[in-house]
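Chain by chain, the residues:
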Amino acid sequence: MARLRDVVVDCRHPAALARFWAAALDGYAVAPYDEAELERLRGEGVEDPEDDPTVLVEGGPPRLWFQRVPERKVVKNRLHLDLRADDLDSELDRLIGLGARLLATYDDWAVLADPEGNEFCLA
């Protein structure tokens, strides 16, 4: 039987989007770069982790991977994350402060977009 391991997000700038989601989610952080990983990146011609084409955010399962793709998002996501918060209004303010954009509000949940426009819900 298969088990969920990772959620992979296509994006234009993996490092920036990984930092947003690491800050947005409780208990998650961008995976640290040790010397072996930095050497691997240099071997691929990447001198700065800010230019890493794939960035890992750890903290659960699932892990979140952000991978660079050349095209921009143009239509609604076929898959999105649903987040839960104890205080909806405070969490909305916090996420917007991190760079999210409020798209719609309902009685007890909201639809937001991350800094690259990927929709997600907060209840």
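Before going into details, it helps to say that this report is about the structure given with it. (Residues numbered from 1 in each chain as written. Predicted model: local features only at pLDDT ≥ 70, side-chain atom pairs only at ≥ 80, totals over all residues. Heavy atoms only, no water.)

Points about the pairing of strand 1 (residues 6–11)
- Along strand 1, the buried face is formed by Val7, Val9 and Cys11; none of Asp6, Val8 and Asp10, which line the opposite face, is buried.
- In this structure, strand 1 lies alongside strand 4 (residues 63–68), joined through 6 bridges in parallel fashion. Bridge pairing in strand 4 links Val7 to Leu64. (Buried < 20%, exposed > 50% of the residue type's maximum accessible area, 1.4 Å probe, protein only. Helix = DSSP H or I, 4+ residues; strand = E, 2+ residues; numbered from the N terminus. Pairing = 2+ DSSP bridges.)

Let's talk about the sheet that holds strand 4
- Pairing is mixed across the open sheet formed by 4 strands, whose spatial order is 1-4-3-2. Only two strands of the sheet have a single neighbouring strand rather than two, namely strand 1 and strand 2 (29–30).
- Looking at chain direction, strand 2 and strand 3 (residues 54–58) are connected through 2 bridges and run antiparallel. Directly across from Ala29, in strand 3, lies its bridge partner Glu58.
- Across the sheet, helix 1 (residues 14–24) is in contact with strand 1, strand 2, strand 3 and strand 4; its angle to strand 4 comes to roughly 155°. (Contact = heavy atoms within 4.5 Å. Axes fitted to C-alpha atoms, helices over the stretch in contact; angles between N-to-C directions.)

A few points about the sheet that holds strand 5 (residues 81–83)
- Pairing is mixed across the open sheet formed by 4 strands, whose spatial order is 5-8-7-6. Since the sheet does not close on itself, it has two edges, and those belong to strand 5 and strand 6 (101–105), each with one partner. On average, each strand axis in the sheet is tilted by 30° relative to the strand beside it, whichever way the strands run.
- Here strand 6 runs beside strand 7 (residues 110–113); their pairing, made up of 4 bridges, is antiparallel. Across the sheet, residue Thr105 finds its bridge partner in strand 7, namely Ala110.
- With respect to the sheet, helix 3 (residues 88–98) is in contact with strand 6, strand 7 and strand 8 (119–122), its orientation differing from that of strand 8 by roughly 150°.

What about the packing of aromatic side chains?
- On inspection of all chains with the given rule, the structure shows 4 aromatic pairs.
- Taking 5.2 Å as the distance between ring centres and 90° as the angle between the ring planes, the aromatic pair formed by Phe20 and Trp21 counts as edge-to-face. Take Phe20 and Trp21: they sit in the same class, and that class is buried.
- Residues Trp21 and Phe120 carry aromatic rings whose centres are separated by 4.8 Å and whose planes lie at 70° to one another, so their mutual orientation is edge-to-face. Residue Trp21 is located in helix 1, and its partner Phe120 is located in strand 8; the two are separated by 99 residues in the primary sequence. For the pair formed by Trp21 and Phe120, the shared burial category is buried.
- Among the aromatic residues, those joined into a cluster by ring pairs are Phe20, Trp21 and Phe120. (Phe/Tyr/Trp six-rings, centres within 6.5 Å; stacked < 30°, edge-to-face > 60°.)

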